[in-house]
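Summary of the model geometry
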Amino acid sequence: MRKGYVLERILYTVFIFFIVITLNFFIPRIGVEDPAERYYPPQGNLTDTEYSIIKQLTRKQYGFDVSGWQQYLRYLSQLSRGDLGTSLQAGSPKVSTLIAQRLPWTLVLSLSNMLISVTLGLLLGTSAAWNRGKFADRALMNASTVMTALPAFFLALVFSLYMGFEWGWFPAYTEPDMVASFDWSWRAIAQVARNAALPVISMSIGGVISYAQGTRNSVIAVSQEDFITTARAKGMSTRTVKYRHVLRNAMLPIVTSLGMSVSGLIGGSVVIEQIFNWNGMGTLFLTANNTNDYPLMMGIMLFLSSFALLANLVTDLLYSLLDPRVSAGGGRR
Amino acid sequence: MRTTRRKNNLLAMIWHHPQGQVGLILAGLLVFAAVAAPWITPFDPYDVTQRAEKGLAPGWPHLLGTSISTGQDIFSMLIYGARVSLLVGIVTGLAIAFLGAFMGILAGYGGRFWDTLIMRLVDVMLVIPTLPLTIVLTNLFGKSYGMIIFIFTIFGWVGLARVIRSQVLVLKSSNYIKAAQLAGASRRYIMFRHILPGVSNLLIMSTALTSAGIMVAEAGLSFLGLGDPTAISWGKMLAEAQSGGALLFGHWWWIIAPGIGIFLSVFAFMRIGLALEEVFNPRMKRSGMLLRLFKSINGSYIQEVFDAMDDRPETDEAGKEAAP
Amino acid sequence: MKRSPAKMLAVLLALAFLLSGCASRFERLEDVSSALYIAEVASSFPQTFMPWFSRDGVAPTISSMIYSTLLSYDDITDTYQPNLAAEWAYLDRQGQPLITADGRVDYARLEEEYSGKDTAFISVRFALNPQATWSDGKPVTVRDIVFTFDLATNQKRSNHAGALVWANDLMHKYDQNTGRLRRQGIYTYDTGANEAGYPVSEAEKDHVFYFEVSKVLGAITPLVSTILVLPEHIYGSLVSIEQPINNTDPSPELRHAYENPVGCGPYQLDRANTNSQEIVLTRRADYHLKAPDGGALYKVDVLKFVLFQEINVAIYALKKGHVDVLDASVSANYARLFEHEPGISLFSAPGIFAQTLVINLNPPPERMNAMREQLTNPLLRKAIALAIDQDTLIGYVLSGRGRKVPMGLVREGVLHNPQADLIQGPMEERLRQANEILDSLYPDKDDKGYRLSSGSRLSFQVLGSPGEQDMINYLQVLLQKIGVEVRYAPKGNSPENTYLYGGNFDMTLQGVSFTPANVDIMMNAHYCNLNRSSNYGRLKDEQLNARIASMRTTLNREYKYQLVQEIEELAAAHYYKLPLYCQDVLSAARTDRFTGWVVSPGVGAFNMDSLSRLTPSGQKGR
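The residue numbering used here restarts from 1 in each chain and proceeds along that chain's sequence as written. The lettering of chains begins at A and the numbering of ligands begins at 1, in the order of writing. Under the rules for a predicted model, residues below a pLDDT of 70 receive no local features and side-chain atom pairs below 80 are neither given nor counted, while totals for whole chains, interfaces and linings still include all residues.

Here we take up the overall build of chain B. Helical segments are the DSSP runs of H or I of at least four residues, strand segments are the runs of E of at least two, and each set is numbered from the N terminus. Summing up its helical and strand segments, chain B has 14 helices and zero strands in all. Of the regular secondary structure in chain B, the N- to C-terminal order runs α-α-α-α-α-α-α-α-α-α-α-α-α-α. Scored against the burial criterion, the 324 residues of chain B give a buried share of 52%. Counted over contacts in chain B with a minimum sequence separation of 6, partners at least 24 positions apart contribute 73%. Partly exposed residues are those whose C-beta has more than 12 but fewer than 20 other C-beta atoms within 10 Å; with 20 or more the residue is buried, with 12 or fewer it is exposed, and the C-beta atoms are placed from the backbone. Here, residues touch in the contact sense if the C-beta positions derived from the backbone fall within 7 Å of one another.

With that out of the way, let us pick up the overall build of chain A. Secondary structure summary: chain A contains 14 helices and zero strands in total. Overall, chain A shows an N-to-C arrangement of helices and strands of α-α-α-α-α-α-α-α-α-α-α-α-α-α. Residue burial in chain A is summarised as follows: out of 333 residues, 44% are buried. Counted over contacts in chain A with a minimum sequence separation of 6, partners at least 24 positions apart contribute 71%.

As a further point, take the sheet that holds strand 8 (residues 186-187) of chain C. Residues and elements named next belong to chain C. Read across the open sheet, the four strands follow the order 4-5-9-8; overall the sheet is antiparallel. The outermost strands of the open sheet, each flanked by one partner alone, are strand 4 (85-91) and strand 8. Note on pairing: DSSP must find at least two bridges between two strands before they are called paired. Relative to strand 5 (residues 121-128), strand 4 runs antiparallel, the two sharing six bridges. Across the sheet, residue Tyr90 finds its bridge partner in strand 5, namely Val124.

Bringing the pairing of strand 9 (residues 208-214) of chain C into the picture now. On a regular strand, one side chain projects to one face of the sheet and the next to the other, so that they alternate. All names here are of chain C. Strand 9 sits mainly inside the fold: six of its seven residues count as buried. In this sheet, strand 9 lies alongside strand 5 in antiparallel orientation, the contact comprising seven bridges. From the neighbouring strand, Ser123 faces strand 9, where its bridge partner is Glu212. Of the strand pairs in this sheet, strand 8 and strand 9 are connected by two bridges, and their pairing is antiparallel. Note that in strand 9 the partner of Ile186 across the bridge is Phe211.

Right, let's talk about the sheet that holds strand 19 (residues 459-464) of chain C for a bit. All names here are of chain C. One open sheet accounts for six strands, arranged 16-22-15-21-19-20; its pairing is mixed. Both edges of this open sheet fall to strand 16 (402-403) and strand 20 (485-490), since each of them pairs with a single strand only. Across two bridges, strand 16 lies against strand 22 (residues 577-583) in antiparallel orientation. Paired with Arg403 across the two strands is Cys582, which belongs to strand 22. To get an axis, fit a line to the C-alpha atoms, keeping to the stretch in contact for a helix; angles then go from 0 to 180 degrees between the N-to-C directions. Across the sheet, helix 15 (residues 390-397) is in contact with strand 16 and strand 22; its angle to strand 22 comes to roughly 40 degrees.

This part takes up the nonpolar core. Here, a nonpolar core means buried Ala, Val, Leu, Ile, Met, Phe, Trp, Tyr and Cys residues linked by C-beta atoms lying within 7 Å of one another. Of all hydrophobic cores here, the largest spans 265 residues; its most connected members are Ile300(A), Ile38(C) and Ala39(C). If one sorts the elements of this core by residue count, helix 4 (residues 74-109) of chain B sits on top with 19 residues. In terms of nonpolar packing, the next biggest core, distinct from the first, is built from 65 residues, Ala385(C), Tyr488(C), Leu509(C) and Ala571(C) among them.

Bringing helix 20 (residues 557-572) of chain C into the picture now. Residue and element names in this part refer to chain C. Under the convention used throughout, the expected extent of a helix is 1.5 Å for every residue step, that is, one less than its residue count. Its 16 residues give helix 20 an end-to-end C-alpha distance of 22 Å, which sits within 8% of 22 Å, the value for a rise of 1.5 Å per residue. Along helix 20, the residues that are buried comprise Lys560, Tyr561, Leu563, Val564, Gln565, Ile567, Glu568, Ala571 and Ala572. Against the buried residues of helix 20 lie helix 18 (519-527) and helix 19 (542-553).

The subject of this paragraph is the packing of helix 4 of chain B against helix 9 (residues 187-223) of chain B. Residues and elements named next belong to chain B. Two elements in contact, helix 4 and helix 9, have axes separated by 7 Å at closest approach and are oriented at 145 degrees. The way helix 4 lies across helix 9 gives a crossing that is right-handed. Two secondary-structure elements touch here, helix 4 through Ser85, Val88, Gly89, Ile90, Thr92, Gly93, Leu94, Ile96, Ala97, Ala101, Ile105 and Tyr109 and helix 9 through Met191, Ile195, Leu196, Val199, Leu203, Ser206, Thr207, Thr210, Ser211, Ile214, Met215 and Glu218. Under this grouping Gly is polar, as are all residues other than the nonpolar Ala, Val, Leu, Ile, Met, Phe, Trp, Tyr, Cys and Pro and the charged Asp, Glu, Lys and Arg. A per-class count over the contact of helix 4 with helix 9 returns 15 nonpolar, eight polar and one charged. With the far helix as reference, a near helix turned anticlockwise by less than a right angle produces a left-handed crossing, and one turned clockwise produces a right-handed crossing.

Cis geometry marks the peptide bond from Trp60(B) to Pro61(B); its omega dihedral reads -5 degrees. Mapped onto the fold, Pro61(B) is located in the loop between helix 3 (37-40) and helix 4. You will see that Asn277(A), though not glycine, has its phi angle at about 60 degrees, which is positive. For Asn277(A), the location among the structural elements is in the loop between helix 11 (270-276) and helix 12 (281-290).

This brings us to the confidence of the model for chain B. Residue and element names in this part refer to chain B. Confidence scores here are pLDDT values: one per residue, from the predictor, ranging 0 to 100. Mean pLDDT over chain B stands at 78; residues scoring 70 or higher make up 84%. Confidence, expressed as mean pLDDT per element, reaches its minimum in chain B at helix 14 (residues 316-321) with 29 and its maximum at helix 10 (residues 234-244) with 92. Every residue in residues 296-324 scores below 50 in pLDDT, and together they form 66 contacts with partners more than four places removed in sequence or on other chains. Here the predicted complex carries an ipTM of 0.81, next to a pTM of 0.82.

This part is about helix 17 (residues 469-480) of chain C. Its 12 residues give helix 17 of chain C an end-to-end C-alpha distance of 16 Å, which sits within 8% of 16 Å, the value for a rise of 1.5 Å per residue. Taken together, the buried positions of helix 17 of chain C are occupied by Met471(C), Ile472(C), Asn473(C), Leu475(C), Leu478(C) and Leu479(C).

Residue and element names in this part refer to chain A. Per-chain confidence: chain A averages 80 in pLDDT, with 87% of residues scoring 70 or above. Ranking the elements of chain A by mean pLDDT puts helix 14 (residues 324-329) last, at 51, and helix 6 (residues 152-166) first, at 90. Residue range residues 327-333 is modelled with pLDDT below 50. Its contacts to residues more than four positions away, or to other chains, number 12 contacts.

The next subject is the environment of Ala588(C). Looking at the element boundaries, Ala588(C) is found in strand 23 (residues 585-590). The residues touching Ala588(C), leaving out its near neighbours within four places in the chain, are Leu318(C), Leu326(C), Val330(C), Phe338(C), Ile344(C) and Leu346(C).

Further remarks concern the packing of helix 4 (residues 95-130) of chain A against helix 12 of chain A. Residue and element names in this part refer to chain A. The N-to-C vectors of helix 4 and helix 12 enclose an angle of 135 degrees; their axes lie 8 Å apart at closest approach. Judged on the interaxial angle alone, helix 12 and helix 4 are oblique. Residue-level inspection shows Leu98, Ile99, Arg102, Leu103 and Thr106 of helix 4 in contact with helix 12, the latter providing Met281, Gly282 and Leu284. For the contact of helix 4 with helix 12, a count of residues per class yields five nonpolar, two polar and one charged. Small angles under 35 degrees read as roughly parallel and large ones over 145 as roughly antiparallel, with 65 to 115 read as roughly perpendicular and the rest as oblique.

Let's shift gears to the environment of Gln565(C). In this structure, Gln565(C) sits in helix 20. Measuring from C-alpha to C-alpha, the distance between Gln565(C) and His416(C) comes to 6.8 Å, with 149 residues separating the pair along the chain.

Before going further, it helps to examine the environment of Ala239(B). Residue and element names in this part refer to chain B. Among the secondary structure elements, Ala239 is positioned in helix 10. For the pair formed by Ala239 and Gly93, sequence separation is 146 residues and the distance between their alpha carbons is 25 Å. Setting aside residues up to four positions removed in sequence, Ala239 forms contacts with Phe223 and Gly225.

Next up, the structure:
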């Protein structure tokens, strides 16, 4: 019953969304007596009575003058207007503005990563599968075990050191004017490509190996299926068998795994962004952490969770489209 | 009885497996280094009076040179770093094994109520972005490895529980369980005396592979500065190298050394885990369930998908179909 | 089918590499104008430039260039230089200026006129520079002054921004509850100056105004040298009780005013070229202050501030030639990086902040424990002070780039009191003395050599940031010699609960700076104020408080400085803030495009003095 399944998934997602919002509201308040405490300015030369007035004004300014419940309701209504909060940075920019500024840059990295991982991974994986047992296949196996043991950020540092600092092939740190002077010209695009090279290479090596491994297994599994043997027996050329039948079926899990990794698109590159000083969501979050900018931190958390929820929902629905068994059984478990 | 005999031969079985042997030797060396650190290091990196000139290149007596920011001997720091990695990795691996087994068995065998509850919990946990949450929690409650272990355990049991649950579902329909039920054994009795031993292989394998995955994740968190600031760990060494100017000065040794440390420890435990997997179930494909577990710790869900197309009877998805 | 995707991919990748290779290089290297590129290390750049908003990061620097104050204070000579105000004078009680024959402030007569008399205030007369204009062309008038200072004292309309700008000593008071003016302290032609006895003729009605300030010498310093004057014609109609000036949710008009600042300073914001990564300031040709030869005071036409989030990235950019100067202090460890770099110079200036070890000598009852009980004993603190070897600390922590600080915490200048340096002499002697003191207090030691107090080891936590960890470890070694243990503990992210306002710590680190300009406020904050202030250890000494109160209120400058020196001695005897070192300020600047960099104490290569002396060095960029 497709419709029932879709409805169930959507309702379920909404339910979890509310839990996430509530958690998001309460986490910074755990164990803290006076949450406005960290916003009070120093007393300076003011008398005590004057200072208590200042404290009242501060509490009012940040919304701590009402009860916890009311604060929560206010938070909900604020969210319903799409207002994720106001950052404590100078000038009080809105959290949503900051996220909107940084998000595209993170996507540049993660989408490039995904693109390269999938394409190269597919190519390498299929070639390993066709040459099963031979050099290409064994090389892939070994690379796989080595790569999973090497953290991506370590690779990033090594690349930064050699390709960036020592040999100067790419900028070791993001050029400071990359974001500001971006104007969709070829020059600007080339600059972004040049700066994104090292981060993307560091991230995608692991991804390439992963997808290659998965493709290899998938292709091997499918080629052992009965219908392939039938096709061969019918006298189809190897090439037709390979491409028309095997690959097409082997793509299925790849596609769905792509969907699963969508939720990691935004939050997954924090460390890499920090290493290369890339102007994305990761560095925004780290900055917020360093400056104790709670509204910004919680706003980003909420955004990431919502995005993950949405991505999961869409993936689930797509998956159920592709594999009808799933909607009958009740989920990708 | 069956299981104890198997455990007695476990080490021997790993040893005889060629790759398992490599893993055991490496792991043994690392454990030795971690435990014997105060005695085998040439300098004490915690002792401020043993600092040398800052930013020395590798040579004698500083085999890997000294750090630019503090003048500590990098080789000694490398050995001390093993302590944190191994401790966090192994303890968390064990904790996840316990929690995951408990939740998985409860979900698989404890009845529909528990199953639904636990699976819903799993869904919520999967959505929350772990890294940002870790950052927020360490911000609020202080930075320590205890906090890191706690957070890893809270998020790490999810993958294992799902796998265990699937295995339990398979076991549920096996004959000897049905016989026990007919004989009138209580639910709890069956869970402990029959189900648990049935998944014990899985647990042992998972501890090894999970530990490996945790070590990588811990390195990442230490790199971001979320671990105990007074302890020496490989991730923190990498962070110090970066902020202390190793890149600017070109001191590659300060960067490569901790990286190799991380690599060796993860590699060792992965080898042990994979060897165990092949030992317990020689028919299984190389990159089976457990590599998926391992990757799910690392946050990449790719491998999880492949079981969907594995219609073989020994895997969990088929078992799910048979569930009532 | 397999071939074509591979081919396509290969072609795409090759194209990408080619493109990136022949792309144009970074902006600064192509820029042959006289724009100065300044690297700033901060987490973010402000997008609004309301000068009263923020005191961190780059905002104060930018604000001080866009806006002006009435006067500028010269720390070394303790005099006020004209800025927006071309002339000023204290007035005697008949309304005559208290100026000596050579045009300086007559402090002797000032004291004579007001000290001990029953007036509650001193009158001060100012005359604005008629050349001063806003960047939109309008002249600076007393209406701007009235607006600014009125707002600063009205907490409701300024949303406690007034607390941030130290307008306390202006005798212009609002009732903070009702928002009504209780007492007027700013007088102009249009607001009752003549009626109050302050003569202002019609011709000078736009430029002359009077302040009534409290009867202390330090009253006018923050008013004239730190409060940036705001344009009334921009903000006047926008600010109200509902929309205070310090507003986190401003109306669109107010936000527009924040983002497009109109100031009367030497530079103005180039809004079109300013964004989240770069702030561009262009020099105002009609700036009212000129060089002695009549030409422009500041030589650089365009300032481009470039944001970097990490110091290493900024240093890399400096080395590569992407920026001209680093407006951040460079760690001594990096000095070697610049040694062999042609075109980059390293500048060293003495610092003005003394790094001290603050001891919690008076914790509140609920924060007291057995160890902190020991810290309340001044003899223990004296022993600790004796054991601190500043020379080795400077050698180890700063690689020699620092200076020692006396116990009085003031190094040189009019306030320096050599007698406040209670601890001198060779280290062996000092250690012997310290051990002698402690032997009588804590004779028992444990097996590691640490002294025992009621059976437990004498051990204290020093709160510090991660960068200070190594230094605290070194303190540990120093204090081990007298049998006292100190350990590093992280400061954590909630200083409000620990050292900052709660008295919940054993020891911590604090930077202290006393100068003639800030001594009124700072000494009170560090030694007297028991609330949320710099007096972390909650020192409470009635005699000291009385001295500080006299120091703040006396009108005799000589006496004031004398009192400051006494205060140094009294405070030092508490062994409360023990000096560790005073770090030199290291800064780096490129000399291949501009030469003429100068540094002064506490300041790096990028400062207003440099800006008034920089000349292009005639070579094209790297």
